[in-house]
Amino acid sequence: MDPDYSAQDVARCDLCKTAIAQSYCDFCHVNLCKPCIGEHISPDYGKHIIVAIHKRKSTLIYPKCETHQNEDCKYKCQDCSSFVCYHCTASLTHSGHKFLNLEELFSSSKKHIQYDREELDNNIMQEYKEIAIDLENKIANLDVEYKKLKTELSKQREEIHREVDNAIHIMEKENDEIKVKHHSILQKHLDEIKQLQSLMQQTLLALNEMEESNEVSSIIQYSSKNEEFRKLPPKVHVSVPKFIPKQTEREEFCRLIGKLTPLSTTLEERVFTAKKPNTSVRELLDEPEVLNTINAGHKYLRSVTCLNEEQIWTSGMTADIKCFNIQGVLQKTIQTKSDDMPLDIAVDTTGALLYCDVETRSVYKVQNDQTEEIITLQGWKPKNLCVTSSGDLLVTMYSDDETQSKVIRYSGSTVKQTIQFDDEGQPLYSGNCCIKYISENRNLDICMADFGARAVVVVIQTGKLRFKYTGHPSPTKNKPFKPRGITTDSQGRILTADRENHCIHILDAHGQFLRYIDNCDLRDPFGLCVDNNDSLFVCEQNKGNVKKIRYLK
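Residues numbered from 1 in each chain as written. Predicted model: local features only at pLDDT ≥ 70, side-chain atom pairs only at ≥ 80, totals over all residues. Heavy atoms only, no water.

**Comments concerning the pairing of strand S29 (residues 494-498)**
Reasoning step 1: Burial within S29 is extensive, with five of its five residues counted as buried.
Reasoning step 2: In S29, alternate side chains face the same way, and those of Ile 494, Thr 496 and Asp 498 on one face and Leu 495 and Ala 497 on the other are all buried.
Reasoning step 3: Bridge count between strand S28 (residues 483-488) and S29: four bridges; the pairing is antiparallel. Following the sheet pairing, Pro 483 is matched in S29 by Asp 498. (Buried < 20%, exposed > 50% of the residue type's maximum accessible area, 1.4 Å probe, protein only. Helix = DSSP H or I, 4+ residues; strand = E, 2+ residues; numbered from the N terminus. Pairing = 2+ DSSP bridges.)

**Some details on the environment of Gln 114**
Reasoning step 1: With respect to the helices, strands and loops of the structure, Gln 114 is situated in helix H3 (residues 102-140).
Reasoning step 2: Measuring from C-alpha to C-alpha, the distance between Gln 114 and Leu 207 comes to 7.8 Å, with 93 residues separating the pair along the chain.

**Regarding the nonpolar core**
Reasoning step 1: Residues Leu 120, Leu 135, Leu 186 and Met 200 are the most contacted members of the largest nonpolar core, which totals 36 residues.
Reasoning step 2: Of all the elements in the fold, those that place two or more residues in this core are H3, helix H4 (142-159), helix H5 (165-212), helix H6 (216-220) and strand S7 (235-239).
Reasoning step 3: In terms of residue count, H3 provides more of this core than any other element does, eleven residues in total.
Reasoning step 4: Sequence-distant contacts of Leu 186, that is, excluding residues within four places in its chain, are made with Leu 135, Lys 138, Ile 139, Leu 142, Val 236 and Val 238.
Reasoning step 5: Counting 26 residues, the second-largest nonpolar core is a separate cluster that includes Tyr 437, Phe 451, Cys 529 and Phe 537. (Core = buried A, V, L, I, M, F, W, Y, C linked by side-chain atoms within 4.5 Å. Contact = heavy atoms within 4.5 Å.)

**Some remarks on the packing of H4 against H5**
Each packed pair of helices is defined by two parameters, the angle between the axes and the distance between the axes.
Reasoning step 1: Their axes nearest at 11 Å, the elements H4 and H5 cross at an angle of 165 degrees. Our classification of the angle between H4 and H5 gives roughly antiparallel. Of the two elements, H4 crosses H5, and the hand of that crossing is right-handed. Counted together, Leu 142, Asp 143, Tyr 146, Leu 149, Lys 150, Leu 153 and Arg 157 of H4 and Asp 165, Ile 168, Glu 172, Asn 175, Asp 176, Ile 178, Lys 179, His 182, His 183 and Leu 186 of H5 form the full contact between these two elements.
Reasoning step 2: Residues belonging to the contact of H4 with H5 are distributed by class as follows: seven nonpolar, three polar and seven charged. (Axes fitted to C-alpha atoms, helices over the stretch in contact; angles between N-to-C directions. Parallel < 35°, antiparallel > 145°, perpendicular 65-115°, else oblique. Left-handed = near helix turned anticlockwise from the far one by under 90°. Nonpolar A, V, L, I, M, F, W, Y, C, P; charged D, E, K, R; others polar.)

Note that every value here comes from positions in space, so none of it alone points to a role or purpose.
What follows is the structure, encoded as structure tokens:
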């Protein structure tokens, strides 16, 4: 059944207004019943696009070519940033230029719009709603709190009889003035919140319209406002004044009757954190077990990433990137563009394979057997990759002179964030070309296994250092801790490969050591990944094996 229509809301023909519409003109955007189709398409038969009602708005509306008037522009020139038709791609004007497929750009932008709409509707607006309710409750409770304060003042007034009436009256007036200020402070922040809520509602309506739109130009030029909305307003803390009575001689009552504490206002900074789905707690097994061993046939196996629960991609120190099913049967082999080894591989949210090539300083995307260069660096070389829960791409990289390292967050090929220094301006990561595998935890922390620093370095989503883990003392693990691969599971635990000591370290989300995986006859563990069922895949570098390990109950 078409999800956009219920039994109570059947699509009617826009021509006869009575019959149920089975078809839709994707050119004119009207619903049509079968008898009215002929009337609608006559006499301009060629321009109409009749599709089934459930496929309405599936035909993309491309911009027209300025040079070739009758041609649709289905490409974008990456060098000129202009829309071009098929004939333009072969013209001398665009000789040697790179072209992007507008349908793919449209699809990518639609996904970002859908993600932004869902995040804004389901997460960010809910946060603001809770903030507004909290402020409204505080305002509603002001009368109760200040009434209590008046009661205390009245009791004190009774104790010192009529001579204190004037003084109490002065303090009551002061109390009322403070209440007005208190109310004004809260109301000001509530008004600001409601203004932002209204702006988000307008943005949400615009996003809903864009999701339904087939207009390519406006869709691919879409720019997200969610980053602004993620910056939550500070939380207002305004404390109710306290009455402090004082026992004293009657002649001193005007001066020593007591006092009201001044109105205290503080602003507590808040950071928006996307809510993750609740996951049931899964405890660690006492003895992890190997479920399967896959011989990947790579020379110096380095990386593994899960395509899904049934397939994995692997890579080593050759130009081959291989896909296996979990029974170990080879499904596909891909050659890198430069015929050089990929330093790391990852799978994006669409199932496309990503790999980085240090020789070309590029990150490539492989989908439907087509390889596309999506990121090219200048003065830096890509090292390792991670696709985040939001669909962004994290790339670790080092400078040409091998003195600096950093992490860049990309949305498509656009830079969204750079992570390189701590709050004191000191480098977060070792400045060399050593391995720097990276993973995003379910709490959105960014976790890096920094081989050169001999540490796991974890920063929060904004890039602020959270902790560093430099190993766990053990009488049986006597080699220096030099982490290789890193991954995280549904419990927020961090797993990192200790090649020299032939084991895996498991940490909690706060960096506390939990245990080793060292009973599975592991040799030279390197790259790691965890699938959606929390099965761990471990690369044994020199053997060329991938071991699938169950380590959770």
